[in-house]
Amino acid sequence: MDPKVSIIMGSTSDLPVMEKAAKVLNDFCIPFEINALSAHRTPAEVEAFAKGARERGIEVIIAGAGMAAHLPGVIAAMTPVPVIGVPINASLDGMDALLAIAQMPPGIPVATTAINGAMNAGILAAQILAVGDNALKAKIVDFKESLKKKIVDANNELAKVKYDYKTN
């Protein structure tokens, strides 16, 4: 099956973060591809990737980058495909990457997750695709209900715990 989502990262060292997006997409049975391309070290390859994404059937791009983090914005400038940026904590606690990705100029939007927020990037990509896919939408509703159930169950367990409060 041809990929609908492309996960791209600035370096293979970003893989431990970005594989969280891959897991989400896999769990939702969304076909994806994963590549490492650098806006600074392989600019021609990034340009070819971005300009060819739509024609290859890519519907959402998840781009992770650390430090200067230009990759998501460079890709967004060259494609009409929605881009989700994942700031990677490579230096300065990831704040440099967060600001680089979030502060895009007018007309070049990049949806931005939390620092190292690849899981949410995968979920957001699934939600974007679900706009035109009722079966996927149902899976997302089930997923969100499972999150709710985990909290409710955890709260019920807390309610069973008895605390001995001491007063002075």
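Residues numbered from 1 in each chain as written. Predicted model: local features only at pLDDT ≥ 70, side-chain atom pairs only at ≥ 80, totals over all residues. Heavy atoms only, no water.

Going by an unreviewed UniProt entry, the protein carries the name N5-carboxyaminoimidazole ribonucleotide mutase and comes from Butyricimonas hominis. Word for word, the UniProt comment on the protein under Pathway (unreviewed entry) is "Purine metabolism; IMP biosynthesis via de novo pathway; 5-amino-1-(5-phospho-D-ribosyl)imidazole-4-carboxylate from 5-amino-1-(5-phospho-D-ribosyl)imidazole (N5-CAIR route): step 2/2." According to UniProt, the comment filed for the protein under the heading Catalytic activity (unreviewed entry) is "5-carboxyamino-1-(5-phospho-D-ribosyl)imidazole + H(+) = 5-amino-1-(5-phospho-D-ribosyl)imidazole-4-carboxylate". (UniProt positions renumbered as here; feature names shortened; annotations may be inferred.)

**Student:** How should I be thinking about the UniProt feature "binding site: substrate" (unreviewed entry) in the protein in this particular structure?
**Tutor:** Under the UniProt annotation, "binding site: substrate" (unreviewed entry) lies at Ser11, Asp14 and Arg41. Looking at the element boundaries, Ser11 is found in the loop between strand 1 (5-9) and helix 1 (15-27). (Helix = DSSP H or I, 4+ residues; strand = E, 2+ residues; numbered from the N terminus.)

**Student:** How do you make sense of helix 5 (residues 118-130) when you look at a structure like this?
**Tutor:** Given 3.6 residues to a turn, an α-helix orients residues that are three or four positions apart in the same direction. For helix 5, spanning 13 residues, the distance from its first C-alpha to its last is 18 Å, which sits close to the expected 18 Å at 1.5 Å a residue. Looking only at helix 5, the buried set comprises Ala118, Ala121, Gly122, Ile123, Ala125, Ala126, Leu129 and Ala130. Tucked inside the fold, the buried residues of helix 5 contact strand 1, helix 1, strand 3 (60-66), strand 4 (83-88) and helix 6 (134-160). (Expected span 1.5 Å × (residues − 1). Buried < 20%, exposed > 50% of the residue type's maximum accessible area, 1.4 Å probe, protein only. Contact = heavy atoms within 4.5 Å.)

**Student:** What should I look at first to understand the side chain of Thr113 in this one?
**Tutor:** In this fold, Thr113 is placed in the loop between strand 5 (111-112) and helix 5. On the basis of relative accessibility, which here comes to 11%, the residue Thr113 falls in the buried class. A distance of 3.4 Å separates a polar side-chain atom of Thr113 from the backbone oxygen of Gly117. With near-sequence residues (within four places) excluded, Thr113 lies in contact with Ile84, Gly85, Val86, Pro87, Leu98, Asn120 and Ala121. (Polar contact = N/O pair within 3.5 Å; in protein donor to acceptor, adjacent residues only side chain to side chain.)

**Student:** Any chance you could explain the packing of helix 5 against helix 6 here in plain terms?
**Tutor:** Axes are the key here: two packed helices are described by the angle between their axes and the distance separating the axes. Two numbers describe how helix 5 lies on helix 6: the axes approach to 8 Å, and their chain directions differ by 140°. Judged by the inter-axis angle, helix 5 sits oblique to helix 6. Considering the relative orientation of helix 5 and helix 6, their crossing is left-handed. Touching Met119, Ile123, Ala126, Gln127, Leu129 and Ala130 of helix 5 are Leu136, Lys137, Ile140, Phe143 and Lys144, all from helix 6. For the contact of helix 5 with helix 6, the per-class residue count stands at eight nonpolar, one polar and two charged. (Axes fitted to C-alpha atoms, helices over the stretch in contact; angles between N-to-C directions. Parallel < 35°, antiparallel > 145°, perpendicular 65-115°, else oblique. Left-handed = near helix turned anticlockwise from the far one by under 90°. Nonpolar A, V, L, I, M, F, W, Y, C, P; charged D, E, K, R; others polar.)

**Student:** Would you explain the pattern of salt bridges in this entry?
**Tutor:** Any two side chains of opposite charge can pair, so long as their charged atoms come close to each other. Counted according to the given criterion, the structure contains six salt bridges. Where Asp27 meets Lys23, a salt bridge forms, and the shortest distance between an N and an O atom there is 2.7 Å. In this pair, Asp27 and Lys23 are both assigned in helix 1, four residues apart and thus about one turn of the helix distant. Judged by relative accessible area, which is 48%, Asp27 ranks as partly exposed. (Salt bridge = Lys/Arg side-chain N within 4 Å of Asp/Glu carboxyl O.)

**Student:** What am I meant to see in the nonpolar core here?
**Tutor:** Considering soluble globular proteins, one finds that nonpolar side chains tend to be buried as a cluster. Within the largest apolar cluster, 25 residues are counted, with the highest numbers of intra-cluster contacts made by Val5, Met18, Ile30, Ile62 and Val86. Listing elements by their share of this core, those giving two or more residues are strand 1, helix 1, strand 3, strand 4, helix 5 and helix 6. Top element by residues in this core is helix 5. It accounts for seven residues. Ala39, Ile61, Ala65 and Ala69 belong to the second largest nonpolar core, which has 20 residues in total. (Core = buried A, V, L, I, M, F, W, Y, C linked by side-chain atoms within 4.5 Å.)

**Student:** Just checking my understanding: could you explain the pairing of strand 1 for this structure?
**Tutor:** Here is the key point about a regular strand: its side chains alternate between the two faces of the sheet. For strand 1, the buried fraction is high: five of the five residues fall into the buried class. Residues Val5, Ile7 and Met9 of strand 1 are buried on one face, and the alternating residues Ser6 and Ile8, pointing to the opposite face, are buried as well. As paired strands, strand 1 and strand 3 are joined by five bridges and run parallel to one another. Looking across to strand 3, one finds that Ile7 is bridged to Ile62. (Pairing = 2+ DSSP bridges.)

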